[in-house]
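# Secondary and tertiary structure notes
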Amino acid sequence: MVGVRVHVLTLGCARNEVDSDELAGRLAQGGFELVAEPGDAEAVLVNTCGFIDAAKQDSIDTLLEASRLKEDGTTRAVVAVGCLAERYGRELAEALPEADAVLGFDSYGDIAARLDAVLHGGRPEAHVPRDRRELLPLTPVSRPQAARGVAVPGHGATTRPAPRQRLQTGPSAPLKIASGCDRRCAFCAIPRFRGSYLSRPVDEVVAEARWLVTEGVKEVLLVSENTSSYGKDLGEARPLERLLAALAEVDGLEWVRLSYLQPAEVRPSLLEAVFTTRKVVAYLDLPFQHASPAVLRRMRRFGDPESFLGLLERVRSYDPAAGVRSNVIVGFPGETEADVAVLKDFLVAARLDAVGVFAYSDEEDTEAATLAGKLSAGEIEDRRAEVADLALLLNEERAAERVGERVDVLVTGRDDDGAWSGRAACQGPDDGGTRLVGAARVGDIVSAVVTDSTGIDLEADPGAA
């Protein structure tokens, strides 16, 4: 396998990006040469997403597209890994013979040997999917010891030489702090194929942050399926607050950003830590998912407009300019026009910086798939489009409100016109960007005044008073 060229292609979320880095590192340790273009590779590893129908279809289309590379004789093998492969296993392999192998999470530890076998004509049997929640004890504090014999992508990645090898460049990188989820949201199948919640120890996360700094990283985005649950299995008080304090002491690291905080789990001490800990940016990712109490109850979530707006009021009492993004699902079984009106009224009042609006779709092995009151696909899409249009208008208004604010901007590169661009502290990785007037360098954090907005994007001038 020495010198065999391999390309790792990543679909889905930032957590998958970390998993791809781990796969790349293990392949490099095994003697493979990583290449940037799939057309130059003898083997293509597709890290799939299996969250919703659109993501699953995108994964299948990508695997089919990659398999066509074998026609020119350079690419000899296409292998599916990731969430879709883990979730469907043998079923995916039978439906997609174009893939030379379908490998689940248990294959990650010896991925180099598995890929070598495929390249030598082996056709490994696809795994049989199982509920990965059964692999760890029900009691969270019993899990760290038991997890030593369980494959959990992204854990233990600070062993040297480091299994993680960055596939993306730039001054910002995701840093996985936990895997899995213990919540039982009715629409979500992730706990079944990602497993029970398991935190990485503080020292391990900090060690990886230090390594990322040596790779040129200035900002880490803390990622997991449910970041606000971090440390529930570590047996200590306020573990996420302690982690933030420890990361603030990492030399060379400038920004720490939190993602995916369950609104019902955002405790006062965590809010205080976010807004008072050095290097933690004033930004919160709060997936409300809806605002109607009736819909939220059917989703097996908690909240209502009053409690959500109260949380946002507390956030802005610390910093009125804090950035807040969210996701919502439209068309959940039993949702009425009145429920949609409640959601729209909430979005108007919330003044969020970015909102992802998703159309509900039935997911196998979820409670929601069994519920009565299903809406037609056409009605769901109409509601999604209606709420998405409103959300975009509101997000654009929020961006316009920022004109005159002074913001810190992490410079990430140049735009198509050659101007320097990046992200302000109030903007997450998928929340638009900021165009800078004047000179800069990638990795700089520049203080500037917002002078204009275009859509949800900002323009800022470091020289403005």
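Heads up: these notes are all about the structure in this document. Small disclaimer: the values here were computed from a predicted structure and weren't measured. (Residues numbered from 1 in each chain as written. Predicted model: local features only at pLDDT ≥ 70, side-chain atom pairs only at ≥ 80, totals over all residues. Heavy atoms only, no water.)

Within the protein chain, the regular secondary structure consists of 14 helices and 18 strands. Taken over C-alpha atoms, the radius of gyration comes to 22 Å for the protein chain, in line with the 23 Å a tight globule of 465 residues would show. A principal-axis box enclosing the C-alpha atoms of the protein chain has dimensions of 60 × 55 × 45 Å. In the protein chain, 75% of the contacts between residues at least 6 apart in sequence involve partners at least 24 apart. Counting every atom, the protein chain has about 18900 Å² of accessible surface; 50% of that belongs to carbon and sulfur. (Helix = DSSP H or I, 4+ residues; strand = E, 2+ residues; numbered from the N terminus. Rg over C-alpha atoms; globule rule 2.2 N^0.38 Å. Contact = heavy atoms within 4.5 Å. Areas by Shrake-Rupley, 256 points an atom, 1.4 Å probe, with all protein chains shown as cover.)

So, about the packing of aromatic side chains. Here the structure, examined in full by the defined rule, presents six aromatic pairs. When the centroid spacing of 4.5 Å and the interplanar angle of 40° are considered together, the rings of Phe288 and Phe308 count as tilted. Of the two residues, Phe288 is situated in the loop between β11 (283-285) and α11 (293-298) and Phe308 in helix α12 (residues 305-318); the sequence distance between them amounts to 20 residues. When its relative accessible area of 1% is taken as the criterion, Phe288 is described as buried. Here a set of aromatic residues connected by ring pairs shows up, and it is made of Phe288, Phe308 and Phe346. (Phe/Tyr/Trp six-rings, centres within 6.5 Å; stacked < 30°, edge-to-face > 60°. Buried < 20%, exposed > 50% of the residue type's maximum accessible area, 1.4 Å probe, protein only.)

Burial of strand β12 (residues 323-330) is extensive: eight of the eight residues sit out of reach of the surface. Burial along β12 is two-sided: the residues Gly323, Arg325, Asn327 and Ile329 and Val324, Ser326, Val328 and Val330 are all buried. Relative to β12, β11 runs parallel, the two being bridged by three bridges. Bridge pairing in β12 places Asp285 opposite Arg325. Alignment of β12 against strand β13 (residues 354-359), held across six bridges, turns out to be parallel. Bridge pairing in β13 links Ser326 to Val355. Note that the unit made of β12, helix α13 (residues 337-350) and β13 has a crossover that is right-handed. (Pairing = 2+ DSSP bridges. Right-handed = clockwise from strand over helix to strand, strands pointing away.)

Our next topic: the sheet that holds strand β9 (residues 219-223). Within the open sheet, the three strands sit side by side as β6-β9-β10. Their pairing is parallel. In the strand order of this sheet, the two ends are held by β6 (172-176) and β10 (255-258), each with one partner. Each strand of the sheet is rotated relative to its neighbour by a mean of 25°, with strand direction disregarded. The pairing of β6 with β9 spans five bridges and is classified as parallel. Its bridge partner being in β9, Pro174 is matched across the sheet by Leu221. The sheet strands contacting helix α1 (residues 14-29) are β6 and β9, and the helix crosses β6 at an angle near 85°. Seen against the sheet, helix α8 (residues 202-214) touches β6 and β9 and runs at an angle of roughly 160° to β6. (Axes fitted to C-alpha atoms, helices over the stretch in contact; angles between N-to-C directions.)

So, about the pairing of strand β17 (residues 445-454). Where strand β14 (residues 406-414) meets β17, five bridges bridge the pair, whose relative direction is antiparallel. Paired with Asp408 across the strands is Ser447, a residue of β17. Where β17 lies against strand β18 (residues 457-461), five bridges are found, and the strand directions are antiparallel. Looking at β18, one finds that Asp452 is bridged to Glu459. Hairpin connection, β17 to β18: the antiparallel pair is bridged by two residues, and Gly455 has positive phi, about 65°.

In this section: the pattern of salt bridges. Taken as a whole and judged by the stated rule, the model has 48 salt bridges. As a salt-bridge pair, Arg383 and Glu335 come within 3.0 Å of each other at their nearest N and O atoms. Placement of Arg383 in helix α14 (residues 377-401) and of Glu335 in the loop between β12 and α13 is noted, with a sequence separation of 48 residues between them. Assessed through its relative accessible area of 3%, Glu335 is described here as buried. (Salt bridge = Lys/Arg side-chain N within 4 Å of Asp/Glu carboxyl O.)

Listed in full, the buried residues belonging to helix α5 (residues 111-119) are Ile111, Ala112, Leu115, Asp116, Val118 and Leu119. Each buried residue of α5 lies within a common arc of 160° when the element is viewed along its axis, so the set occupies one face. Elements that come into contact with the buried residues of α5 comprise β1 (5-10), α1, β3 (43-48), β4 (77-82) and β5 (101-102). Positive phi appears at Gly121, one or two residues downstream of α5, with a value of about 95°. (Arc of directions from axis to C-beta.)

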